[in-house]
Amino acid sequence: MAGDAYRDDRLLDRLAGELPEARAGLARIWAVLPRARLVGGVVRDLIAGRPVADIDMATPEAPERVMAALAEAGIRIVPTGLAHGTVTAVVAGRPYEVTTLRRDERTDGRHAVVAWTDDWREDAARRDFTINAMSCGRDGVVHDYFGGRADVRAGHVRFVGDAATRIHEDALRILRFFRFHARYGRGEPDGAAMAAITVLADGLARLSAERVWSELRRILAGPALMPTLALMAQSGVLARLLPEGADRPALDRLLATGAPAEPILRLGVLAQGDAGGLAARLRLSRAETLTLSSVMSSIGTAPMPDPALDDDARRRLLADEPADVLVRRSWVGQAARLGQPSAEWDALRRDLVARPRPVFPLAGRDLLAAGVAPGPRIGQALAEVRAWWMAGGCRADRKACLARLRECAVDGAAGPPSV
């Protein structure tokens, strides 16, 4: 056995114990692709003693041979990434990504042109970090060409080979470094990595917004967020992602409240400037954009939930905004006013979620039926009745609102009524 390989049957036993259904699935795949190995995150997490989510494999066989062998064995296949040599085998409902060994032919900092190879070390050398460059065969032998096991155990996130070269190949590795250091690192970050990132941070501008946001959202939802943002600020990366400014103390206060690890909530508190501009730059979805705007507006002038609000005031808030928006704003308010956990604020959120949302019982057709002539007066009268309904704690039913509408319609003949 080569010096960069060692046998560890406990890894496969641990995987079978954690994901019992995987034992049979891997056995079927290995029966037709005996040279395939587990690669990347599954090996890393088994060595680290962490839960395994996805099971990725690699093989020297070309993609066409992989698909033919799996199909002949009756295994369902999905050609998820043939351009990069990846197919997905589905066994008993669980997906297993199988990728042909690759080497980079050309890279431009964003994409790579690859060719197939049968050299495992060559494939491992194109991976980002040593902890992600290990593989394990069905015989339990772990192949570790760059010291990944030692780095896992030391909590050391280190690029494979020269850090600057890896970043030149794909600048997204800058953000991946911070994400992986937050999850697997201990102590000071790798000095060579930080030096290369500081020099090459401008490369982030060449990446698509979708790829940047995909990594940034994982950082925002992940562990050790404040130390990670400090490293990103130190290297100049944070200023490139959020050039309008980043309020790290405000985010620190939010985290201290125990707020949920929602990326948009955290981004809304951290980022400064215009929500629309930030959403456009990161190419956020419509739903994400609306959430970001509601969070950032709560730091300014939007109505803020507060435990001291009485029953009517809470109903008025819910009449204007759904509970999920108000809950996020409550976290912002708690962070600004307390910066620590609070049973009162928790009770406020439970109350907002449990309450039925008040719905104003009239619409424009009701005004027409009451004799209000079509035109601007429709909207004016509807707004007047709704203001009256809101002032009463959103309690008036349809009958009471219609009565008020008739009053407004009569008064409207002589001029706008007062509410």
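**Q** Before we move on, could you go through the sheet that holds strand E5 (residues 86-91) and cite the residues and values that matter?
**A** Strands sit in the order E1-E10-E9-E2-E3-E6-E5-E4 across an open sheet of eight strands; the sheet is mixed. Of all strands in the sheet, those bounded by a partner on one side alone are strand E1 (5-7) and strand E4 (76-81). Looking at each pair of strands side by side, their axes are set apart by 30 degrees on average, direction ignored. Pairing of E1 with strand E10 (residues 141-143) involves three bridges; the strand directions are antiparallel. Within E10, the position partnered with Ala5 by the bridge is His143.

**Q** Explain the pairing of strand E3 (residues 55-59) residue by residue, including any values.
**A** The buried fraction of E3 is high, at four of five residues. In terms of strand pairing, strand E2 (residues 37-39) meets E3 through two bridges, oriented antiparallel. By the bridge assignment, Arg37 is partnered in E3 with Ala58. In the sheet, E3 pairs with strand E6 (residues 94-100) via five bridges, with the strands oriented parallel.

**Q** An account of the packing of aromatic side chains is needed here, citing residue identities and associated values.
**A** In total, this model carries eight aromatic pairs according to the counting rule given. Geometrically, the ring pair formed by Phe180 and Tyr184 is stacked, given 6.0 Å between the ring centres and 20 degrees between the ring planes. Residue Phe180 and its partner Tyr184 are both found in helix H8 (residues 173-184); the two are separated by four residues, about one turn of the helix. By relative accessible area, Tyr184 is classed as buried at 13%. Following the ring pairs from residue to residue traces out a cluster consisting of Phe129, Phe159, Phe177, Phe178, Phe180 and Tyr184. Seen from the ring of Tyr6, Arg149 lies directly overhead, with NZ or CZ sitting 3.6 Å from the centre. Against the face of Trp331 rests Arg349, its NZ or CZ located 3.3 Å from the ring centre.

**Q** Any details on the environment of Trp116? Residues and values, ideally.
**A** Tracing the sequence through the fold places Trp116 in strand E8 (residues 112-116). Along the primary structure Trp116 and Arg102 are separated by 14 residues, whereas in three dimensions their C-alpha atoms are 4.5 Å apart. Filtering out sequence-adjacent residues up to four positions away, Trp116 remains in contact with Pro63, Leu82, Ala83, His84, Gly85, Thr100, Leu101, Arg102 and Arg103.

**Q** Residues and numbers for the confidence of the model for the protein, please.
**A** The predicted coordinates should not be examined in detail at positions where pLDDT is low. On average, residues of the protein score 91 in pLDDT, and 93% of them are at 70 or above. Confidence drops under pLDDT 50 across residues 413-419; counting only partners more than four residues distant or on other chains, this segment forms 13 contacts.

**Q** Break down the packing of H8 against helix H10 (residues 209-221) for me, with residues and values.
**A** Where H8 contacts H10, the axes come no closer than 9 Å and their chain directions differ by 20 degrees. Overall, the two elements H8 and H10 adopt an arrangement that is roughly parallel. Crossing handedness for the pair H8 and H10: left-handed. Between H8, through Leu175, Arg176, Phe178, Arg179 and Arg183, and H10, the contact on the second element is made entirely by Val212, Glu215, Arg218 and Ile219. Taken together, the residues of the contact of H8 with H10 sort by class into four nonpolar, no polar and five charged.

**Q** Tell me about the packing of helix H1 (residues 9-18) against helix H2 (residues 20-32), residues and numbers included.
**A** Put simply, H1 and H2 touch, their axes get as near as 5 Å, and they point 125 degrees apart. Taken together, H1 and H2 sit at an angle that is classed as oblique. Across the interface between the two elements, Leu12, Leu15, Ala16, Gly17 and Glu18 of H1 pack against Pro20, Arg23, Leu26 and Trp30 of H2. When grouped by side-chain class, the residues that make up the contact of H1 with H2 number six nonpolar, one polar and two charged.

**Q** A description of helix H18 (residues 323-337) should follow, citing residues and the corresponding values.
**A** Along an α-helix, residues three or four positions apart point the same way, because every turn accommodates 3.6 residues. Compared with an ideal rise of 1.5 Å per residue, which puts 15 residues at 21 Å, H18 spans 21 Å between its outermost C-alpha atoms and is within 8% of the ideal. Among the residues of H18, those classed as buried are Ala323, Val325, Leu326, Val327, Arg328, Arg329, Ser330, Trp331, Val332, Gly333, Gln334 and Ala335. Buried residues in H18 make contact with helix H13 (248-256), helix H14 (263-270), helix H16 (286-298), helix H17 (311-320) and helix H19 (343-354). Following H18 by one or two positions, Gly339 adopts a phi angle in the positive range, close to 65 degrees.

**Q** Before we move on, could you go through unusual backbone geometry and cite the residues and values that matter?
**A** Residues other than glycine seldom take positive phi values, yet Ala224 does so here, at roughly 50 degrees. Checked against the element boundaries, Ala224 lands in the loop between H10 and helix H11 (225-234). Classification of Ala224 by relative accessible area gives partly exposed; the value is 39%. The backbone phi angle of Cys394 is positive, close to 60 degrees, even though this residue is not glycine.

Definitions and cut-offs
Residues numbered from 1 in each chain as written. Predicted model: local features only at pLDDT ≥ 70, side-chain atom pairs only at ≥ 80, totals over all residues. Heavy atoms only, no water. Pairing = 2+ DSSP bridges. Helix = DSSP H or I, 4+ residues; strand = E, 2+ residues; numbered from the N terminus. Axes fitted to C-alpha atoms, helices over the stretch in contact; angles between N-to-C directions. Buried < 20%, exposed > 50% of the residue type's maximum accessible area, 1.4 Å probe, protein only. Phe/Tyr/Trp six-rings, centres within 6.5 Å; stacked < 30°, edge-to-face > 60°. Lys NZ or Arg CZ within 6 Å of the ring centre and 35° of its normal. Contact = heavy atoms within 4.5 Å. pLDDT = per-residue confidence, 0-100. Parallel < 35°, antiparallel > 145°, perpendicular 65-115°, else oblique. Left-handed = near helix turned anticlockwise from the far one by under 90°. Nonpolar A, V, L, I, M, F, W, Y, C, P; charged D, E, K, R; others polar. Expected span 1.5 Å × (residues − 1).

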